[in-house]
Amino acid sequence: MDAMSAIKQTFFQECEEQLAELEAGLLAIEAGEAEPDTVNAVFRAVHSIKGGAGAFSLAALVQFAHVFETALDQLRSGTLAPTPELLKVMLRAADLLADLVQAARTDQVVDEGRSQVLIDELNTIGGGLATDDDGGDGDMDGFVFNPVTVGFDFLDSVPAAPAAQSFSIRFKPRPELYAKGNETALVLRELERLGAIAVSCNTSELPELGELDPEGAYLDWSVELTTDKGEEAVREVFEFVEWDCELAIQAAGGAAADAGFDVEALLRSIQAEAAAEPVFAEPEPLALREPLTMAPAPGAAPAADAPSPAAKPGQARGEATAGAGAPQTIRADLERVDRLIDLVGELVINQAMLSQRVIEAGHAPGSAVAIGLDELEQLTREIQDCVMAIRAQAVKSVFQRMPRLVREVAGLTGKEVRLITDGEATEVDKTVIDRLTDPLTHMIRNAIDHGLEAPEARLAAGKPAEGVVRLSAMHRSGRIVIEVADDGAGINRPKVKQLAIAKGLIAADAVLSDEETDNLIFLPGFSTAAEVSNISGRGVGMDVVKRSIQSLGGRLSIASRPGKGSTFTMSLPLTLAVLDGMVVTVAGQTLVVPLTAIIETLQPKAADVHGFGGSARVIAIRDAFTPLIDIGRALGFRAQATDPAAAVAILVETEGGRRSALLVDTIQGQRQVVIKSLETNYGAVPGIAAATILGDGRVALILDVDAVVAETHADATLEPVLKAAG
Amino acid sequence: MTETSKHTRELIAFRIGEQEFCVDIMSVREIRGWTPATVLPQAPAYVRGVINLRGAVLPIVDLAARLGFAPPEPTVRHVIMMAQVGHQVVGLLVDAVSDILSVTDDAIQPTPDVASDMASSFVRGVLAIEGRMISLIALDNVLPTFEPIAA
């Protein structure tokens, strides 16, 4: 049972890869960038999913995959032209297939009406071809141990081709056949090389599982073969097995069929059935995947010169991935990777400590020991980079979910949208990737719903009816920058301002620059949609997006040009394991202030600092009064207020956009620090976000700027007065 | 030793001031010398701060203060016992580790009925060994209770 669920798990993992390949392939075809093999790769992806789903009796999934596959096959054979309309349907079918896979994985049920609509659409496109298989699909549930029957009746009505001859072959392997290492599948595949074959399997002798002899042979195969090679060639196929099986080869009396349309349809239905009862189609239950590959791939079957479809399951997968040009990868437990990263972090710290000791011991910088240590340092840095790279993932995994989102939102809003992605290979740490999907989803929804105009409005503005949303990623100075740009109307500034005033977010007479106006949309409680729409207005505003990006140590900004569109730019750290910080000293303690929060540092003059009721103080920075927070007192390191003139002020901005000046004793410098959790072995500490380990091996605390500012504001009533002053 | 051997357990005995205590040896990961800890803001007085132990940030609990004695001024002669408490690893600052005891369960006497917080929160029993009294303590409550894990 455990082994089975493990196999199932693997199947779902592979499904994900196949689905990604399917979508990528369809998009490539849509964009006209398809390579000759793309359509085959797409077909293979659906085919593999169908096959695997059959093995796990996922009926709904098999049924839909089958209809989809049939339509894809026609696309592959050229019966259907890859028109934009067709590809739209296919992309939607791919979405549904993904939903079905997800549903199967979580044991849920997808709305049948939805799949029926698409099945009908696909069938309509395919000229009703898929209806040939209805018998097969309908039988699926009760199929398992019944003999497989296929209607051959209409074969006779097909006019005979002169050279082709038709054979009825009955082939019943005995256990010895398998004992000698022969394989039914190979024999059938060999037959398939000769011409079009139709295989049916009589499973009536198959005993109950409990009585099944794993080395026994219970299956009885009937093969209808149409070939121009003659009986000799057919007998040759059985050359090595004829003593170990019951074999009867009969030439059908002149009623030979040509490898035409109906045979192909028949093949497909057999294929469907073979896939639908896979475990039992093979006498040896070991070969779980075998039936999938044993059945000839539709379309490829009649071609005698076509390579045998997928010699081994493994090879088939190999081909599929090779087709997409994916590099070789291994699956590794994330915990192991994290442990490795931890260890390398310790190595770096240890190496730094060692260097310090060597200097303390009085070795000259040019001495052999010092030189050896320098080399060690370079090596450890290199190892650290490599290890960090293991956790790095291309943003592709997030980006490739977006085309689907764009299709859905475009469908809901009635807008025409083209998504252009760029820089998909840009890599960033897995933790960042995992937390990127939600904000990105929201931003793209927003770009389509609020950014782009309706097609008529676009045409009226002299733009193409189809709007463009551009999603791009790039590395810039040690951070990853992701942009979501639309070519819509841009931010309607008068409307934004009016709304902000109506909601009491700004004063009615406030004078704001364009940039300040644009940034109003990030304020909590702001939503530009006049009515709450189904798409963007899910109770999540841009303020939430901004906050979630800031919680990743990132920043979000907007640039908008009226009539030309808006660009949202987020800049994120490459990893959450390290942080750029300013190392400061407060009351003898070393603290780290995250660089993302810092705007500037300054040397306060005594005249700029004003007492403000009780112990609160404010500092005038360029004529704006900013609350001054004495970090030493805020954290309880000392009771006495620090003399501002002898200290340094760090101007910070919280995630909520509030500015405060933090008073610290001295600034030691800037450095990248490795983030260590305090919660693991202790618990949450107010005002402290996490800890880190400095070069001397001591622990330093990372300041939680937001918490410190919030706490200070909570007991000081500075806010309303400041508003009046500012 | 013979018939009760399966109930034998090993304990690590240590000293805080004049008193002796012991904990189950299985919960002790390692013993190291005192290193200055980084002070945590707004922590109880018995939390000395945090230290770096091979890359992990671990809290140091001054066991003397935690048990209600006068906290010592730590010197290089003090030791830290790294102990597993639930899912966490905590450093316990004590004066010195004295020895390893191998005792059977029946040698552990019930806690004397003394009305002290220490007795009810930490002491699980007492041992009489060679005229010494050694209190067996449980470590479940050494760390302060945090909101999320308050149970």
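Keep in mind that this is a model prediction, so the values were computed, not measured.

Our next topic: the interface of chain B and chain A. Contacts between chain B and chain A engage 25 residues on the former and 26 residues on the latter. Carbon and sulfur atoms make up 57% of the surface buried where chain B meets chain A, a total of about 2000 Å² over both sides. Of all residues in chain B, the largest losses of buried area upon contact with chain A belong to P41, Q42 and V57 of chain B, amounting jointly to 30% of the total for that side. Scanning the region where chain B abuts chain A turns up zero salt bridges. Taken together, the connections running from chain B to chain A amount to eight residue pairs in polar contact (both at pLDDT 80 or more). Sorting elements by how many residues they give to the side of chain B that touches chain A places strand β4 (residues 47-53) of chain B first, with four residues. Taken together, the residues of the side of chain B that touches chain A sort by class into 18 nonpolar, six polar and one charged.

Residue and element names in this part refer to chain A. Within the fold, A34 resides in the loop between α1 (2-30) and α2 (38-55). Owing to a relative accessible area of 38%, A34 belongs among the partly exposed residues under this scheme. Distance in space between the C-alpha atoms of A34 and A24 is 9.9 Å, their sequence separation being 10 residues.

It is worth spelling out the packing of aromatic side chains at this point. Tallying each qualifying case throughout the model produces six aromatic pairs over all chains. Summarising the aromatic geometry, the rings of F14 of chain B and F21 of chain B are spaced 6.2 Å apart at their centres and angled 25° between planes, so their arrangement reads as stacked. F14 of chain B gets classed as buried once you look at its relative accessible area, which sits at 0%. The structure contains a cluster of three or more aromatic residues connected by ring pairs, namely F14, F21 and F69 of chain B. The ring of F43 of chain A is capped by R76 of chain A, whose NZ or CZ atom sits 3.9 Å from the centre of that ring. Seen from the ring of Y46 of chain B, R66 of chain B lies directly overhead, with NZ or CZ sitting 4.1 Å from the centre.

This next bit is on the packing of helix α3 (residues 59-77) of chain A against helix α5 (residues 112-125) of chain A. Residue and element names in this part refer to chain A. Two elements in contact, α3 and α5, have axes whose closest approach is 9 Å; the angle formed by their N-to-C orientations is 25°. Of the possible angle classes, the one that applies to α3 and α5 is roughly parallel. Crossing of α3 against α5: the hand is left-handed. In contact with Q63, F64, V67, F68 and A71 of α3, α5 contributes S115, L118, I119, L122 and N123. Considering only residue class, the contact of α3 with α5 consists of seven nonpolar, three polar and no charged.

Tracing the backbone shows T104 of chain B in strand β8 (residues 96-104). In terms of polar contacts, T104 of chain B uses its side chain to reach the side chain of D106 of chain B, at 2.5 Å.

Moving on, we get to the sheet that holds strand β22 (residues 699-703) of chain A. Residue and element names in this part refer to chain A. Read from one edge of the open sheet, five strands run β20-β12-β13-β22-β21, paired in mixed fashion. With partners counted over all chains shown, the strands left at the sheet margins are β20 (666-674) and β21 (688-693), one partner each. Averaged over all adjacent pairs, the angle separating strand axes in this sheet is 35°, with direction ignored. Relative to strand β13 (residues 589-594), strand β12 (residues 578-586) is paired through six bridges, and the arrangement is antiparallel. Note that in β13 the partner of V583 across the bridge is V592.

Residues and elements named next belong to chain B. Strand order across the open sheet formed by five strands is β3-β6-β7-β5-β4, with mixed pairing between neighbours. With partners counted over all chains shown, the strands left at the sheet margins are β3 (28-33) and β4, one partner each. Averaged over all adjacent pairs, the angle separating strand axes in this sheet is 30°, with direction ignored.

Turning to the pattern of salt bridges, a few remarks are in order. Scanning the entire structure with this criterion turns up 31 salt bridges over all chains. Of the charged contacts in the structure, one is a salt bridge between E246 of chain A and R170 of chain A, with a shortest N-O distance of 3.9 Å. Remark: R170 of chain A occurs in strand β1 (residues 165-173) and E246 of chain A occurs in strand β4 (residues 245-251); sequence separation between them is 76 residues. In this structure, D99 of chain B engages R132 of chain B in a salt bridge whose closest nitrogen and oxygen atoms are separated by 3.5 Å. Placement of the pair is D99 of chain B in strand β8 and R132 of chain B in strand β11 (residues 132-137), with a sequence separation of 33 residues. By relative accessible area, which is 26% here, D99 of chain B ends up partly exposed. Residue R132 of chain B is classed as partly exposed on the basis of its relative accessible area of 24%. Look at the salt bridges and you will find they share partners, linking E23, D95, D99, R404, R407 and E408 of chain A into a network.

Attention now goes to the confidence of the model for chain B. The predicted coordinates ought not to be read in detail in places where the model reports low pLDDT. Residue and element names in this part refer to chain B. Looking at chain B, the pLDDT average stands at 83 and 91% of residues meet or exceed 70. The low-confidence segment residues 1-5 (pLDDT under 50) makes two contacts with residues lying over four places distant or belonging to another chain. With pTM at 0.51, the complex prediction returns an ipTM value of 0.85.

What follows concerns unusual backbone geometry. Look at A587 of chain A: it is not a glycine, yet its phi comes out positive at around 50°. A587 of chain A gets classed as partly exposed once you look at its relative accessible area, which sits at 27%. A positive phi angle is found at E130 of chain B, which is not glycine, with a value near 50°. Of note, E130 of chain B is situated in the loop between β10 (123-129) and β11.

Let's shift gears to the packing of helix α18 (residues 437-451) of chain A against helix α22 (residues 542-551) of chain A. Relative placement of two packed helices is described by the angle separating their axes and the distance separating the axes. All names here are of chain A. Closest axis-to-axis distance for the α18/α22 pair is 10 Å, and the angle between their directions is 145°. The handedness of the crossing between α18 and α22 is left-handed. Of α22, the residues touching α18 (which contributes P439, H442, M443 and N446) are M542, V545, S548 and I549. Grouping the constituent residues of the contact of α18 with α22 by class yields five nonpolar, three polar and no charged.

So, how was this worked out
Residues numbered from 1 in each chain as written. Chains lettered and ligands numbered in written order. Predicted model: local features only at pLDDT ≥ 70, side-chain atom pairs only at ≥ 80, totals over all residues. Heavy atoms only, no water. Contact = heavy atoms within 4.5 Å. Buried area = accessible area lost by both parts, 1.4 Å probe. Salt bridge = Lys/Arg side-chain N within 4 Å of Asp/Glu carboxyl O. Polar contact = N/O pair within 3.5 Å; in protein donor to acceptor, adjacent residues only side chain to side chain. Helix = DSSP H or I, 4+ residues; strand = E, 2+ residues; numbered from the N terminus. Nonpolar A, V, L, I, M, F, W, Y, C, P; charged D, E, K, R; others polar. Buried < 20%, exposed > 50% of the residue type's maximum accessible area, 1.4 Å probe, protein only. Phe/Tyr/Trp six-rings, centres within 6.5 Å; stacked < 30°, edge-to-face > 60°. Lys NZ or Arg CZ within 6 Å of the ring centre and 35° of its normal. Axes fitted to C-alpha atoms, helices over the stretch in contact; angles between N-to-C directions. Parallel < 35°, antiparallel > 145°, perpendicular 65-115°, else oblique. Left-handed = near helix turned anticlockwise from the far one by under 90°. Pairing = 2+ DSSP bridges. pLDDT = per-residue confidence, 0-100.

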